[in-house]
Amino acid sequence: MKTEIIINVASHESRIAILEDGKLVEILVEMAEQERMVGDVYKGTVTAVLPGMQAAFVDIGLEKAAFLHVSDMPGSPGSMVELASEALEDTAYQTNSRGQPIVPIEDLLTKGQETLVQIKKEPISTKGARVTAVPSLAGRFMVLVPDGDKVGVSRKITNWGEKRRLRDLGRNLKPNGFGLIIRTEAEGQGDRELGRDLKELINTWKRIQKQGNKNMAPLLIH
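Draft legend 1. Up close: the pattern of salt bridges. Applying the stated criterion across every chain, the model contains six salt bridges. Linking Arg130 and Asp72 is a salt bridge whose minimum nitrogen-to-oxygen distance equals 3.1 Å. Here Arg130 is found in strand E10 (residues 130–132), whereas its partner Asp72 is found in the loop between strand E6 (66–69) and strand E7 (80–81), with 58 residues between them in sequence. For Arg130, a relative accessible area of 25% corresponds to the partly exposed category. Between Glu162 and Arg165 there is a salt bridge; the shortest N-O distance is 2.9 Å. Taken together, the residues span about one helical turn, with Glu162 and Arg165 both in helix H1 (residues 160–173) at a distance of three residues.

Below you can see the structure in the form of structure tokens.
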């Protein structure tokens with residue numbers, strides 16, 4: 001199947017058309033005044049915990065409370081880092097094995113609790129944003145996953161020798177308590193380039209933590 005993406009940018013809007021074998025399958029329109037929110041990190045306050053849905057609502061300062069499912073909590077077998085900017089490019093990152101039981105949401109969160117969350121799906125119509133409590137930070141060559149421990153490599157890198165080299169390099173570079181996804185752009189890069197990227201991402205995460213610790217929710221941190 002041949003996939004084509006056609007982009008038309010004007011002063012007031014941008015239009016993206018996706019074609020498969022020459023047939024239009026999806027069209028996206030973004031107004032100039034719209035601001036992308038996916039990837040933004042907030043400090044929010046839990047406003048409700050719903051055991052029946054295994055979910056919680058979090059006030060992050062937007063018009064609608066954000067939705068947080070138990071599968072997007074740290075350590076959950078279903079917890080995935082989803083990268084909107086590379087949905088077709090990079091492998092998803094799983095923080096735990098699927099054999100581990102899910103801890104009930106009511107054992108993880110309580111009403112009034114403050115927590116850091118990251119937007120994974122923007123608000124639409126009457127629904128608030130969907131968020132994850134497993135944040136990730138994307139750099140040029142890699143994605144940093146705080147509180148993770150594994151190293152993944154983009155599936156777009158097809159040379160197995162290069163995949164193995166990058167995976168070993170990531171394991172050697174990363175500090176304890178962090179996971180990494182090596183992006184396609186890292187192909188052919190050395191430890192100096194990846195190390196510089198990693199240092200910048202870790203510094204960004206430290207700034208996020210510092211802002212989160214000294215400010216009250218709700219707050220856009222990053």
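The discussion continues.
Draft legend 2. Main features of the pairing of E6. The alternating pattern of E6 places Ala66 and Leu68 on a buried face and Phe67 and His69 on a face that is not buried. Relative to E6, strand E5 (residues 55–59) runs antiparallel, the two sharing four bridges. Residue pairing for E6: Ala55 is matched across the bridge by His69. Connecting E5 to the antiparallel partner E6 that follows it, the hairpin turn spans six residues, and Gly61 within it adopts a positive phi of roughly 95°. Both E6 and E10 contribute to a ladder of two bridges, which runs parallel. Residue pairing for E10: Leu68 is matched across the bridge by Val131.

What counts, and where the lines are drawn
Counting starts from 1 at the beginning of each chain's written sequence and moves along it residue by residue. Local features in a predicted model are, by the rule used here, given only for residues with pLDDT of at least 70; side-chain atom pairs are given and counted only at 80 or more, and totals for whole chains, interfaces and linings are based on all residues. Heavy atoms from the whole structure form the basis of all side-chain values; hydrogens and water molecules are not counted. The working definition used for a salt bridge is a side-chain nitrogen of Lys or Arg within 4 Å of a carboxyl oxygen of Asp or Glu. Working definition: helices are DSSP H or I runs of at least four residues, strands are E runs of at least two. Numbering for both runs from the N terminus. Three exposure classes are used, based on accessible area relative to the maximum for each residue type with a 1.4 Å probe and protein chains only: buried under 20%, partly exposed in between, and exposed over 50%. Between any two strands, pairing holds if DSSP finds at least two bridges.

These results come straight from atomic positions and should not be treated as a statement about function.
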